[in-house]
Amino acid sequence: MLKTLPRPSAYSQLDFWVDEAIWGHRLYDEQTPWLCFMEFLGVLNSEYQKGFAFNEQSFNSLSYNPYSRVYLRNLLFNNPYLEVVYKDYEDHRDEKRAWEEWTKLAQQSFAGLNNEYPNLLYLQSNFEKFEYFYEAIKFLQNNTIEGENNKRWSSQFIFPYGKECLYEDLRITGDKVQNDRRFFARTGELLYLMLSRSKKGDIILPFFESNILKSNSIYTRLARILQPNEGDEAPLPDMKGTYLPYEYLPEYSNLAEDWVKIINCNIPAYDTIPHLVNITGLHMIIYFLNRSKEVLKESTKTHFILEILAPKKTIIRELASDSYLENNNLSRLAIDRYIRGIKETDEWANITTFADPLFEAQKLLNEKFLWPSIKEDLSSFDSPEQLIDELVNKAILRHKQHVNNFHRTWGKEIGLISSRNSQRIRYAPTDSLLKTLVLTNVPERLEFQEFLNILNMKYGFIIGDKEAVEVTSSGQADLEAFSDNAIRLEQRLSSMGLLRRLSDAVAYVENPFAKDGI
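Since this is a predicted model, take the numbers as computed values, not measurements.

(A) Broad picture of the pairing of strand E3 (residues 176–179). Where strand E2 (residues 170–173) lies against E3, 4 bridges are found, and the strand directions are antiparallel. Bridge pairing links isoleucine 172 to valine 177 in E3. Connecting E2 to the antiparallel partner E3 that follows it, the hairpin turn spans 2 residues, and glycine 174 within it adopts a positive phi of roughly 65°.

(B) Region of the structure containing the pattern of salt bridges. Under the criterion given, the structure shown has 36 salt bridges. Across the pair arginine 69 and glutamate 233 runs a salt bridge, and its minimum N-O distance is 4.0 Å. Note that arginine 69 is positioned in the loop between strand E1 (63–64) and helix H3 (70–77) and glutamate 233 in the loop between helix H10 (218–225) and strand E4 (239–240), a separation of 164 residues in sequence. With a shortest N-O distance of 2.6 Å, glutamate 318 and arginine 424 are connected by a salt bridge.

(C) Focus on the sheet that holds strand E11 (residues 507–509). Here 3 strands make up an open sheet; going across it, the order is E8-E11-E10 and the pairing antiparallel. Unpaired on one side and paired on the other, strand E8 (446–447) and strand E10 (499–501) mark the two borders of the sheet. Pairing geometry for E8 and E11, over 2 bridges, is antiparallel. Opposite leucine 446, over in E11, you have valine 509 as the bridge partner.

(D) Structural detail: the nonpolar core. Counting 158 residues, the largest nonpolar core has Phe40, Trp102, Phe133, Phe208, Trp259 and Leu416 as the members making the most contacts within it. Broken down by element, the residue count for this core peaks at 13 residues, all from helix H12 (residues 269–295). In this structure tryptophan 102 touches Leu75, Asn79, Leu82, Val85, Leu120, Leu123, Phe130 and Phe133, once residues within four positions along its chain are discounted. Counting residues in each nonpolar core, the second largest holds 10 residues, with Ala320, Ala468, Val471 and Ala481 among its members.

(E) Structural context of the packing of aromatic side chains. Taken as a whole and assessed by the stated rule, the structure comprises 44 aromatic pairs. Measuring from centroid to centroid gives 6.5 Å for tyrosine 11 and tyrosine 243, while their planes differ by 70°, and the two rings are edge-to-face. Of this pair, tyrosine 11 sits in the segment before helix H1 (19–23) while tyrosine 243 sits in the loop between E4 and helix H11 (250–263), and the two are 232 residues apart along the sequence. On the accessibility criterion, tyrosine 11 (6% relative accessible area) is buried. Their ring planes at 85° and their centres at 6.3 Å tell us that tryptophan 34 and phenylalanine 37 sit as a pair that is edge-to-face. Taken as a pair, tryptophan 34 and phenylalanine 37 lie in helix H2 (residues 33–50) at a separation of 3 residues, close to a single helical turn. One cation-aromatic arrangement involves arginine 26 over tyrosine 28; the distance from NZ or CZ to the ring centre is 4.3 Å. One Lys or Arg, arginine 69, reaches over the ring of tyrosine 67 and ends 4.7 Å from the middle of that ring.

(F) Representation of the side chain of threonine 32. With respect to the helices and strands, the residue threonine 32 is situated in the loop between H1 and H2. According to the relative accessible area criterion, threonine 32 is buried, its value standing at 7%. In this structure, threonine 32 is in contact with Glu146, Trp410 and Glu413, ignoring residues within four places of it in sequence.

Calculation notes
- Residues numbered from 1 in each chain as written.
- Predicted model: local features only at pLDDT ≥ 70, side-chain atom pairs only at ≥ 80, totals over all residues.
- Heavy atoms only, no water.
- Pairing = 2+ DSSP bridges.
- Helix = DSSP H or I, 4+ residues; strand = E, 2+ residues; numbered from the N terminus.
- Salt bridge = Lys/Arg side-chain N within 4 Å of Asp/Glu carboxyl O.
- Core = buried A, V, L, I, M, F, W, Y, C linked by side-chain atoms within 4.5 Å.
- Buried < 20%, exposed > 50% of the residue type's maximum accessible area, 1.4 Å probe, protein only.
- Contact = heavy atoms within 4.5 Å.
- Phe/Tyr/Trp six-rings, centres within 6.5 Å; stacked < 30°, edge-to-face > 60°.
- Lys NZ or Arg CZ within 6 Å of the ring centre and 35° of its normal.

And the structure:
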């Protein structure tokens, strides 16, 4: 197994150190790829202002200062009276009356200001008419990340037009403000560290610098004038505690290289971001599965059998579902194997030489996994092996709550996993993900079969017959089934304007946004 970096002392209060040791602190299913990206931007903005962008000072020492932007969030997501006041305003068109009515109601509902009375006079100075203020609010509301959702108002986020649109996830109750790790659960911090350790940050940074961190676009200016002092506020206290176990992995560079390829496309900057989110989700899933296989000492490459949706059920659908299930079980097996691996160490072999092997096992397990605590009563255990069994059960139970769901949740979010037209979950890419894959992997016109080969080599995708040789040789399906699968992909790409068949009967995948043209 790969050598991991030391566990920070700050984690000594955790109940277990198992998921974190394998994948880092932390991957979390409730933090979607979009929210991971938003958290990443908050980290990047803070480190950029300090002059340390993508420059990790020492391993796992990240300390950054995000923003709260409480006024902006109240205006956008805790502003229930705006519609009522605006409806009246449309009838009377009295500017003073509209501002006074709305301000009185807003001051009653605004929260998270630490007992500070909300001063909203700046808005009248920044907006000539109440109508312009209303339209500004509606525009940014319509650009909420993930659209309509049932998250609390303090966990709603807007598109990152500029640094004035970046803020931390908070739990706000009245005037009480607490940092919350439910939707900003550190996965974005892990993403930042991966890109930093890829050593390609200097190539990536200019894109974010010009389009977000130093943006002066009309949308950024809109977000500014909705905030006191045009968004110039003191940041929150230091955020610390991220842990990425591995000093370097090829996955870090693969992720960064795909970001660079997308950034280099001739596509508007804001349209680039959804594709960065998609490809990030894919690479994080691959990282998650690869670490599981590493623990299990499986040398085979991670594979995904992809079904290109067919009108009727095919054998490929069954294989894509089986492929999903096989990958989905890896993390639980890795938890079991990681813990039981301690029995192969010299330290474990030596505990039988002590007068109280159970106590020695307790100390060793606590040192490695933070469980059981030294003070825990072990009277119900008869042997060190029972301790290990109990730890495995507890760790898997904890794992099932969130980390185990990461593969499925993120796969659905990026359009890799689907249950459409079936009761079984399987790998079946959406048009959105397919477009991302073309933008990422087709810098110039590419023969269709070569495109399939690249997807197989880079991501482990099995779509056509040439990539499915191992599957077909085992008798699970014939080559014709995978050949038909590839034909369906060819037809899909053609309907999306991403593939063209020339007179020589050869099909070519084309990226309409390729930097140097097709």
